[in-house]
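Each chain, written out:
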Amino acid sequence: MTTITSATDATPESVDIRPGVSVLSLFRHLNYRPWYALAEFVDNALQSYLTNRAVLESVEGSGFKLVVRVEYEATDVGQLIVRDNAAGISSVDYHRAFKTAQPPPNRNGLSQFGVGMKSAASWFAERWSVRTSALGEEVERQITLDVDDIVRNQTDHVAPRVTPAHAKDHFTEVVLKGLHSPLHQNTQRKIKEHLASIYRAFIRDGLLELHFNRGLLVYKEPKVLHAAHFKEPDAEKKVWRKEVEFDFGLGQRVRGFAALRATASTKEAGFALFRRGRLIQGSADDGYRPEEIFKRSNSYTYQRLFGELHVEGIDVSHTKDGFKWGEDEETFLQFLKDELNGSPLPLIDQAEGFRVRPTVAELRAGAETVLNSTARVVEQEVPPVLGLQLATTPDNPPPPPDLAPSATLSTRVIDVELNDQRWRIVLELTSDPAIGDWLSIADQASFVDLPGGTKLRRVAARLSLTHPFMTRFAGNDPERIEPLLRVAAGLMLAEAAARETGNLAGLVRFNLNEMLRDALSKP
């Protein structure tokens, strides 16, 4: 059994396991993202405000609001400043606030592990300082830490500079100098988006005013789909939003809402997962979208389903950018999926089945993208293939009565009646690499005799899933394979119909197969 001793009763055999100051130099290697690192300072301000709200309002009035300002200066070394008007760091908490891994007495708030400010500041910068005045105390304290100097000299005590202040003063200012990495324009944009998303609940409730470089951060609420059920388009329209609440274990609970976006978005859909009012996972364009519910990125659910879920009873990472689910996530997702698709608002079914006609602007944007890509391939890859086809006159034998044997993955047989003629249409999917054509067709010109003297025309189409064109654009995704299979089926039937009139229908398919293999499958 291990015996734990304190510093006062240490023996020659005891081992000092306290974290040394060298741990500060390790913080810069944490897997932080800038917005989650900045969130550590906002968390401290929010917790100070929430803990001392009554006292702050007694001094400042009932309309008092927490204001946090983040300012970035792109100087030679880079500088970040975070200021707040919360209650400040009191003398009771001051020593603990700067001691690594010293958690607060109350761990039920936003500050839990006792490393947030130290780890985030050291991750951002070589030197950082904290200036603060606590409400009700007539002093202002400023402490400055140079991480390289502290580690090099193994400094374990740093004295703050103490100056007089008014008892009604209350603020904290954190200055980070000598940033390890500059904040480029794109990073600053993402910081604003993510911070607004992380603190949306407090902003929405009017408790927090958050600024970045003198710009007020606002969370833009997505518009919810207002439409009839896709199976009953003429029925009354519904607002596709529902409340969600369930228990999925001992002390593990979820409450919030789920909804469908009025405008589909591969970037902005997905769930936001909260703990204690603060978003932990799924901020801005990084929504929580587990495949068990959202499927692949090209699914309609992936583009429309969103919501806010407040999770209780699951621990979070020390950087507060994710939940530590363990084996509980599978149970959580099963409960969530049942809630989402339950009557009378089956969100997943509606997301997959509902279609909206895109706007002209959306069509134009998509058209420009695909036209540019396809035009480039046609310009570079098609001429040699098409030139060879035009220079030769391939034989145009009729299709065989049956498809050659192959490793067939799946087959479907459909019997239909067309113009008083019975047709049997066979569709096959193959993974046989020996099948070189994208599309193979068989057409049994001599009718098949059925019982009762009925005549049957049989045509078959086989689509190769290992063809370069399929590998490039479909892979093993059923939602990408299906439209290409439908095109193949349509081409087969169009060719059979053309053959009825005596046209050289097979020559079109021959050229198409060559074009897809040698030109249009190229990236």
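Residues numbered from 1 in each chain as written. Predicted model: local features only at pLDDT ≥ 70, side-chain atom pairs only at ≥ 80, totals over all residues. Heavy atoms only, no water.

Enquirer: Lay out the nonpolar core in plain terms, naming residues and giving numbers.
Expert: In this structure, Phe 41, Phe 124, Leu 176, Tyr 199 and Leu 208 are the most contacted members of the largest nonpolar core, which totals 61 residues. Counting residues per element, this core draws most heavily on helix α2 (residues 34-51), which supplies ten residues. Excluding its chain neighbours within four sequence positions, the residues that come into contact with Leu 208 are Val 42, Leu 46, Lys 65, Leu 66, Val 68, Tyr 199, Phe 202 and Ile 203. Counting 32 residues, the second-largest nonpolar core is a separate cluster that includes Trp 240, Ile 293, Phe 294 and Leu 340. (Core = buried A, V, L, I, M, F, W, Y, C linked by side-chain atoms within 4.5 Å. Buried < 20%, exposed > 50% of the residue type's maximum accessible area, 1.4 Å probe, protein only. Helix = DSSP H or I, 4+ residues; strand = E, 2+ residues; numbered from the N terminus. Contact = heavy atoms within 4.5 Å.)

Enquirer: Explain the confidence of the model for the protein chain to me, using residue names and the numbers behind them.
Expert: Per-residue pLDDT for the protein chain has a mean of 84; in total, 82% of the residues score no lower than 70. Every residue in residues 1-8 is under pLDDT 50, and counting partners more than four places away or in other chains gives three contacts. (pLDDT = per-residue confidence, 0-100.)

Enquirer: Residue-level account of the side chain of Asp 84, with values.
Expert: Turning to its location among the elements, Asp 84 is positioned in strand β2 (residues 79-84). Within the buried core, Asp 84 has no salt-bridge partner, and the shortest N-O distance to an opposite charge, that of Arg 83, equals 9.8 Å. Among the polar contacts made by the side chain of Asp 84, one reaches the main-chain amide nitrogen of Ala 86 at a distance of 2.9 Å. Every residue in contact with Asp 84, bar those within four places of it in the chain, is listed here: Ala 45, Leu 66, Val 67, Val 68, His 170, Phe 171 and Thr 172. (Lys, Arg positive; Asp, Glu negative; His and termini not counted. Salt bridge = Lys/Arg side-chain N within 4 Å of Asp/Glu carboxyl O. Polar contact = N/O pair within 3.5 Å; in protein donor to acceptor, adjacent residues only side chain to side chain.)

Enquirer: Can you lay out the packing of aromatic side chains for me, pointing to particular residues and giving the numbers?
Expert: According to the stated counting rule, one finds 15 aromatic pairs in the structure shown. Considering the side-chain rings of Phe 248 and Phe 332, the 5.6 Å spacing of their centres and the 55 degrees angle between planes classify their relative orientation as tilted. Placement of the pair is Phe 248 in strand β11 (residues 241-249) and Phe 332 in helix α11 (residues 328-340), with a sequence separation of 84 residues. Taken together, a centroid distance of 6.5 Å and an interplanar angle of 40 degrees make the contact between Tyr 288 and Phe 332 tilted. Of the two residues, Tyr 288 is situated in the loop between β14 (278-281) and α9 (291-294) and Phe 332 in helix α11; the sequence distance between them amounts to 44 residues. The two residues Tyr 288 and Phe 332 agree in class, both being buried. (Phe/Tyr/Trp six-rings, centres within 6.5 Å; stacked < 30°, edge-to-face > 60°.)

Enquirer: Please provide a residue-by-residue account of the pattern of salt bridges, values included.
Expert: Evaluation of the coordinates by the stated rule reveals 27 salt bridges. One salt bridge in this structure joins Glu 140 and Arg 131, with 3.4 Å as the shortest N-O distance. According to the relative accessible area criterion, Arg 131 is partly exposed, its value standing at 23%. Put simply, Glu 291 and Arg 296 hold a salt bridge, and the shortest N to O gap is 3.3 Å. Residue classification places Arg 296 among the partly exposed positions, given a relative accessible area of 39%. Through salt bridges with shared partners, a single network forms among Glu 71, Arg 83, Arg 131, Glu 140 and Glu 173.

Enquirer: I'd like a rundown of helix α5 (residues 116-124), residues and numbers included.
Expert: Of all nine residues in α5, nine are buried; the element is thus mostly enclosed. All of the buried residues along α5 are Gly 116, Met 117, Lys 118, Ser 119, Ala 120, Ala 121, Ser 122, Trp 123 and Phe 124.

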